[in-house]
Amino acid sequence: MARRFTEPKLVLATHNPGKVGELEELLAPWKVEVVSAGTLGLPEPEETGETFVDNALLKARVAMEATGLPALADDSGLSVVGLGGRPGVHTADWAGSPRDFTRAMRRVQDELGSNPDRRAAFMSTLALVWPDGHEEVFEGKVEGELVWPPRGTIGWGYDPMFAPEGSPRTYGEMSAEEKHSTSHRARALGKLVKACFDGR
Ligand code: IMP
């Protein structure tokens, strides 16, 4: 059975404003004070893991060790069926440095070429790490289709290129609440909340 989270505060182990915003919104009902690694000026660890789980744990452990607070990290990415699951754990890297998601989305489109198989999934792994070293991991996934050209200006990252299953609109064309009703991150967080936060 998962450990209950009873602490008043946690650190979000991310410097990505898109993730911070979504995780803050999703955690809002659970009466836990959140502060992000970016706001605290913590260094951004290199993501050397080979899986989403490795990288989520790595990021959460670094933030927990730097602050002494429980830490929640998200490692996520886009898995494209016609590209054998790429970019996967390298999804952020496809945007280069500094990050340019117009370029990243174009690379996905270019590599797919004329492949009619447009199926893809967003994956999210959440790692929650306590100061005594206890760790819990939860995963969420949303399947959908890639559209071209990208549509919408609301979201971040690859949102304008991804329409979740059953939707004619991309995440770039949806409000945050609409995105949360299907997203990989909301699904992973839903599992975390059920296991660790429910009844708080
Ligand atoms: P990482 O978890 O720091 O390795 O970065 C994951 C990358 O996947 C992000 O920088 C985005 O490019 C992409 N990504 C993950 N989740 C989403 C999402 O909900 N919308 C758009 N892009 C996402």
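Here, every reference points to the structure presented above.
Asks: Just to check I follow, could you spell out the sheet that holds strand 2 (residues 33-36) for this structure?
Replies: Whenever strands of a sheet pair, they do so through backbone hydrogen bonds, lying parallel or antiparallel. Spatially, 2-1-3-4-5-6 is the arrangement adopted by the six strands of the open sheet, whose pairing is mixed. Of all the strands in the sheet, just strand 2 and strand 6 (162-164) have a single pairing partner and so form its edges. Recorded for the sheet is a direction-independent mean angle of 35 degrees between the axes of neighbouring strands. As paired elements, strand 1 (residues 9-12) and strand 2 share four bridges and run parallel to each other. Looking at the pairing, Leu10 lines up with Val34 of strand 2. Sheet strands in contact with helix 3 (residues 52-67) are strand 1, strand 3 (71-80), strand 4 (119-129) and strand 5 (135-146), and its direction is about 155 degrees off that of strand 3. In this fold helix 6 (residues 184-197) packs onto strand 1, strand 3, strand 4 and strand 5, with an angle of close to 155 degrees to the strand it touches most, strand 5.

Asks: Quick question: what am I supposed to make of the pairing of strand 5 here?
Replies: One face of the sheet, then the other: side chains in a regular strand alternate in exactly this way. Where strand 4 lies against strand 5, 11 bridges are found, and the strand directions are antiparallel. The partner of Phe122 across the bridge, within strand 5, is Val142. Connecting strand 4 to the next strand, strand 5, in antiparallel fashion are five residues, including Gly133 with a positive phi near 95 degrees.

Asks: Would you mind showing me how to read the pairing of strand 1 here?
Replies: In this view, the connection linking strand 1 to its parallel neighbour strand 2 by way of helix 1 (residues 17-27) has right-handed handedness. Bridge analysis of strand 1 against strand 3 gives two bridges, and the strand direction is parallel. Residue pairing in the sheet places Val11 in a bridge with Ala71 of strand 3.

Asks: Would you explain the packing of helix 1 against helix 6 in this entry?
Replies: For any two helices packed against each other, the geometry comes down to the angle between their axes and how far apart the axes lie. Axis separation between helix 1 and helix 6 bottoms out at 11 Å; the angle between their running directions is 40 degrees. In terms of their interaxial angle, helix 1 and helix 6 are classed as oblique. The element helix 1 and its partner helix 6 pack so that their crossing is right-handed. Here Lys19, Glu22, Leu23, Leu26 and Leu27 of helix 1 come into contact with helix 6, specifically with Arg185, Ala186, Leu189 and Phe197. Residue classes in the contact of helix 1 with helix 6 are distributed as six nonpolar, no polar and three charged.

Asks: Sorry, what's going on with the side chain of Glu136 here?
Replies: Residue placement: Glu136 occurs in strand 5. A polar side-chain atom of Glu136 sits 2.9 Å from the main-chain amide nitrogen of Arg3. Excluding anything up to four places from it in sequence, Glu136 contacts Met1, Ala2, Arg3, Leu126, Ala127, Leu128, Trp130 and Cys196.

Asks: Can you walk me through the site of the ligand in this structure?
Replies: For the ligand, the set of nearby residues contains 19 residues, the closest of which are Lys19, Phe101, Asp159, Lys179 and Arg185. In the model, a nitrogen atom of the ligand is placed 3.2 Å from a nitrogen or oxygen of the Tyr158 main chain. Where the shell around the ligand is concerned, the elements lending two or more residues are strand 3 and helix 6. With four residues, the top contributor of residues to the shell around the ligand is strand 3.

Asks: Please clarify how the environment of Pro150 should be interpreted in this entry.
Replies: Mapping Pro150 onto the fold places it in the loop between strand 5 and strand 6. Pro150 has contacts with Met105, Pro160 and Met161, leaving out every residue within four places of it along the chain.

Asks: Can you walk me through the nonpolar core in this structure?
Replies: Within soluble globular proteins, side chains that are nonpolar tend to cluster in buried spots. Counting residues in hydrophobic clusters, the biggest one holds 22 residues, and the most contacted among them are Phe5, Leu10, Leu72, Leu128, Leu189, Cys196 and Phe197. If you list the elements that add at least two residues to this core, you get strand 1, helix 1, strand 4 and helix 6. Top element by residues in this core is helix 6. It accounts for seven residues. Here Leu10 is in contact with Phe5, Val32, Glu33, Val34, Val35, Pro70, Leu72, Leu128 and Phe197, once residues within four sequence places are set aside.

Cut-off values and rules
Residues numbered from 1 in each chain as written. Predicted model: local features only at pLDDT ≥ 70, side-chain atom pairs only at ≥ 80, totals over all residues. Heavy atoms only, no water. Pairing = 2+ DSSP bridges. Helix = DSSP H or I, 4+ residues; strand = E, 2+ residues; numbered from the N terminus. Axes fitted to C-alpha atoms, helices over the stretch in contact; angles between N-to-C directions. Contact = heavy atoms within 4.5 Å. Right-handed = clockwise from strand over helix to strand, strands pointing away. Parallel < 35°, antiparallel > 145°, perpendicular 65-115°, else oblique. Left-handed = near helix turned anticlockwise from the far one by under 90°. Nonpolar A, V, L, I, M, F, W, Y, C, P; charged D, E, K, R; others polar. Polar contact = N/O pair within 3.5 Å; in protein donor to acceptor, adjacent residues only side chain to side chain. Near = heavy atom within 4 Å. Core = buried A, V, L, I, M, F, W, Y, C linked by side-chain atoms within 4.5 Å. Buried < 20%, exposed > 50% of the residue type's maximum accessible area, 1.4 Å probe, protein only.

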